[in-house]
Amino acid sequence: MLGQQVRIRLIVFRMGGGLYSPTTNKPGFVLQVQRIEPNLRDKKVGLIVGLYSEFKKPYSDLSKLKSLNSQIYVLAGIYKKKMAFDDVLILNQEGYLCESLTSNIFVYYEKYYIHLRYPRMYRRCHATGSDGYGTG
C-alpha cells in the first residue's frame, strides 16, 4: 500500500475477563489498515451537508472518548447515506452544533475562527483565534 491513501484505525481495549469488574487492566489492541479509493468528485462544486437531528449527542467527561459503541455516528451515517448527503452535522443535547460525521468545520465570524473539533465538543463549539490555535 505504499504510495496510496489509507485509513488507519487503532482500537485499544482491556484484555481479560471479569465483565464489569476486570480481572486485569492490561491493554490489548488491533490495528486496521484500509485502502481509500480516490474521490473523483470536483471539490470546487462544494459539499452537500445535512443536519442530523433525530438523536442528540450527550456530553459529559466521557464524551471525549470514542468507544466501540458509536451509535450516534452509525445512525448519522445511515441518515447521510439515505439522504445522499456528503456529510451531516451532529447536535449536542442542548441543540447546538457540536461536530460533523466526517469533516472538520471552520467558520470565520467577526475576526474569529470557530473550529468544531472533537475533544471539546462535549461543551459546545470551541472558538479559536484568527491564527487557528485554541485559546481555551
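To be clear, the structure that these remarks concern was listed above.
The text that follows walks through the structure, step by step, so that each part is easy to find. Every value quoted in this text rests on a predicted model; they were computed, and no experiment measured them.

The rules behind the values
Residues numbered from 1 in each chain as written. Predicted model: local features only at pLDDT ≥ 70, side-chain atom pairs only at ≥ 80, totals over all residues. Heavy atoms only, no water. Helix = DSSP H or I, 4+ residues; strand = E, 2+ residues; numbered from the N terminus. Contact = heavy atoms within 4.5 Å. Salt bridge = Lys/Arg side-chain N within 4 Å of Asp/Glu carboxyl O. Buried < 20%, exposed > 50% of the residue type's maximum accessible area, 1.4 Å probe, protein only. Core = buried A, V, L, I, M, F, W, Y, C linked by side-chain atoms within 4.5 Å. Expected span 1.5 Å × (residues − 1). Arc of directions from axis to C-beta. Polar contact = N/O pair within 3.5 Å; in protein donor to acceptor, adjacent residues only side chain to side chain.

Counting through the fold element by element, Gln 5 comes out in the segment before strand S1 (6-14). Residues contacting Gln 5, with those up to four places away along its chain left out, are Gln 34, Arg 35 and Ile 36.

This brings us to the pattern of salt bridges. One pass over the structure, following the stated rule, counts 1 salt bridge. Across the pair Lys 57 and Glu 99 runs a salt bridge, and its minimum N-O distance is 2.5 Å. Separated by 42 residues along the polypeptide, Lys 57 in strand S3 (residues 49-57) and Glu 99 in strand S5 (residues 97-100) bring together distant segments of the chain. The exposure class of Lys 57 is buried, given its relative accessible area of 9%.

Next up on the list: the nonpolar core. Tyr 52, Ile 72, Tyr 73, Ala 76, Phe 85, Val 88, Ile 90 and Cys 98 form the largest nonpolar core, which has 8 residues in total. The element contributing the most residues to this core is helix H1 (residues 71-83), with 3 residues. Residues in contact with Tyr 52, not counting those within four places in the same chain, are Ile 72, Leu 75, Ala 76, Tyr 79, Val 88, Leu 89, Ile 90 and Leu 91.

The terminal C-alpha atoms of H1 lie 18 Å apart, and with 13 residues this matches the ideal 18 Å at 1.5 Å per residue to within 8%. Along H1, the residues that are buried comprise Ile 72, Tyr 73 and Ala 76. For H1, the angular spread of the buried residues around the axis is 95°, confining them to a single face. Exposed and oriented more than 90 degrees from the buried face of H1 are Gln 71, Val 74, Ile 78, Lys 81 and Lys 82. Remark: Ala 84 follows H1 within two positions and exhibits a positive phi of approximately 60°.

This part takes up the environment of Tyr 73. Secondary-structure assignment places Tyr 73 in helix H1. We classify Tyr 73 as buried; its relative accessible area is 13%. Of the polar contacts made by the side chain of Tyr 73, one reaches the side chain of Lys 57; its length is 2.8 Å.

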